[in-house]
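# Breakdown of the fold
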Amino acid sequence: MTEDELRQGARAAMIARGWIGTPYLHQASAQGAGTDCLGLLRGVWRALYGHEPEAIPAYTPDWSEPAREERLWLAARRHMIVLSEQAGSAPEAVGEVLLFRLRDGAVAKHLGIVSRPGSDPAGAAFIHAYGGHAVLESPLSRPWQRRIAARFAFPATDLSEGTR
């Protein structure tokens, strides 16, 4: 990652931290009012770049599962910098976006933003919106690390404008 991307990641984590305590609300993206994990990422993106990366269609809690489509993964690849697409790879920098599989063999459909990196689960943490909870900072424990499907970085400049 470049120095600018590292700075952008630190800004993203700081913004995400401001969402802690926002209630979980499926399909929402309103700081303090309600959000899901994608809504949290969208809100951080808006704070960084001033707009949404793309129009988000309505989605159900089991979206992309019946067709086994990696929609979230593909969207992340369109707008972010791919750091690793190896399962379980530990985050290396604050602000990395983690894409998780919640069950073995399932599509990857949970997102979080690294607040403390490291391969030592005792110190690593991430911020996410998790069903039944508000936005929270969780330890990146071994069970969570095992579920990481891919890691992405926020670009230093907005890549959704075709500047790739």
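Scroll up a little and you will see the structure.
Quick summary incoming for the structure in this document. (Residues numbered from 1 in each chain as written. Predicted model: local features only at pLDDT ≥ 70, side-chain atom pairs only at ≥ 80, totals over all residues. Heavy atoms only, no water.)

### Observations regarding the sheet that holds strand 8 (residues 148-153)
Taken in spatial order, the 6 strands of this open sheet run 3-8-4-5-6-7, and their pairing is antiparallel. Among the strands making up the open sheet, the edge pair consists of strand 3 (81-84) and strand 7 (135-139). Within the sheet, the average angular offset between the axes of one strand and its neighbour, ignoring direction, is 35 degrees. The sheet contact formed by strand 4 (residues 97-101) and strand 8 spans 4 bridges and is antiparallel. Paired with Leu-99 across the strands is Ala-150, a residue of strand 8. Helix 2 (residues 37-49) contacts strand 4, strand 5 (108-116), strand 6 (125-129) and strand 7 of the sheet and is inclined by roughly 50 degrees relative to strand 5. (Pairing = 2+ DSSP bridges. Helix = DSSP H or I, 4+ residues; strand = E, 2+ residues; numbered from the N terminus. Axes fitted to C-alpha atoms, helices over the stretch in contact; angles between N-to-C directions. Contact = heavy atoms within 4.5 Å.)

### Focus: the pattern of salt bridges
Where charged atoms from two side chains of opposite charge approach closely, those side chains can pair. The final tally for this structure, using the stated rule, is 10 salt bridges. The closest approach of N and O atoms between Arg-46 and Glu-52, which form a salt bridge, is 2.6 Å. The salt bridge involving Arg-116 is made with Glu-137; its shortest N-O contact spans 3.8 Å. Linking Arg-116 in strand 5 with Glu-137 in strand 7, this pair joins segments that are 21 residues apart in sequence. Assessed through its relative accessible area of 40%, Arg-116 is described here as partly exposed. Here the salt bridges do not stand alone but share partners, grouping Arg-17, Arg-116 and Glu-137 into one network. (Salt bridge = Lys/Arg side-chain N within 4 Å of Asp/Glu carboxyl O. Buried < 20%, exposed > 50% of the residue type's maximum accessible area, 1.4 Å probe, protein only.)

### Here we look at unusual backbone geometry
Positive phi, close to 70 degrees, is recorded for Gln-27, a residue that is not glycine. Inspection of the secondary structure puts Gln-27 in the loop between helix 1 (3-17) and strand 1 (29-30).

### Quick notes on the pairing of strand 8
Burial within strand 8 is extensive, with 6 of its 6 residues counted as buried. Note: strand 3 against strand 8, 3 bridges, orientation antiparallel. Counterpart to Val-82 in the pairing with strand 8 is Phe-152.

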